[in-house]
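Per-entry structural report
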Amino acid sequence: AQIITIVGPNGSGKTTLLDALRTLFALRCSGKRDFRRYVRRAERSLAWIRAVVANAPGVTGRRPFFPCLSDEVTLVCRIRRAGGDWTRDYAILDADVPVEDLEQNEDWIGLRDYQNRLAFGGLTPAIAKVLALEQGDTDKLCEYSPKALLELVFDVFGDKEVLDNYHIAREE
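Reading the values: the criteria
Residues numbered from 1 in each chain as written. Predicted model: local features only at pLDDT ≥ 70, side-chain atom pairs only at ≥ 80, totals over all residues. Heavy atoms only, no water. Helix = DSSP H or I, 4+ residues; strand = E, 2+ residues; numbered from the N terminus. Buried < 20%, exposed > 50% of the residue type's maximum accessible area, 1.4 Å probe, protein only. Polar contact = N/O pair within 3.5 Å; in protein donor to acceptor, adjacent residues only side chain to side chain. Contact = heavy atoms within 4.5 Å. Pairing = 2+ DSSP bridges. Axes fitted to C-alpha atoms, helices over the stretch in contact; angles between N-to-C directions.

With that settled, the discussion passes to unusual backbone geometry. Each neighbour pair has its own omega, and for F66 with P67 the value is 20°, a cis peptide bond. With respect to the helices and strands, P67 occurs in the loop between β1 (46–54) and β2 (72–82). If you check the backbone angles, A26 has positive phi at about 60° while not being a glycine. Here A26 is to be found in the loop between α1 (14–24) and α2 (35–41). Of the residues examined, A26 reaches a relative accessible area of 11% and is grouped as buried.

Looking now at the side chain of N105. Counting through the fold element by element, N105 comes out in the loop between α3 (99–102) and α4 (111–121). Classification of N105 by relative accessible area gives buried; the value is 11%. At 3.0 Å, the side chain of N105 forms a polar contact with the backbone nitrogen of D107. Setting aside residues no more than four positions away along its own chain, N105 makes contact with A91 and L93.

All right, on to the sheet that holds strand β3 (residues 85–94) then. Pairing is antiparallel in the open sheet, where 3 strands are placed in the order β1-β2-β3. Edge positions in the sheet fall to β1 and β3, since each has one partner strand and no second. Strand-to-strand twist of the sheet, defined as the mean angle between neighbouring strand axes without regard to direction, takes the value 15°. The sheet contact formed by β1 and β2 spans 9 bridges and is antiparallel.

Here is the structure:
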């Protein structure tokens, strides 16, 4: 249930989907592709990337995207033409907000604040590292030593503390 696989023929949009996720999560896109490349090809001055994610309380009772209190939040990236360049604006909104209602939003937050809130919500550096891999570079995971790969897996699934405690106990 924790594994997602994206398959399709060449040119069907697999990398474009991943680049949209990278842009939404404020990560680096693959290669020379970035949000500017995608919007430049369109004849519009505005683009939206939106996702609805869970915000249910965890075992501690805290919600990942507090102060949002709904069981779902909407992550938003607005890409708009600003003069001759393109800029990104980010927001985390309570509940499932339709695209049609996003233009009225005035709760835009800065990049660093957005990244910090995503990290607090569960976007760990390990997950970001895997998502930021270049197209075709997933095979480089095979070049990791078994120990480094195990640490990455523990990082991604949030169990790194278990591995750290194991090493401490083994040394003692």
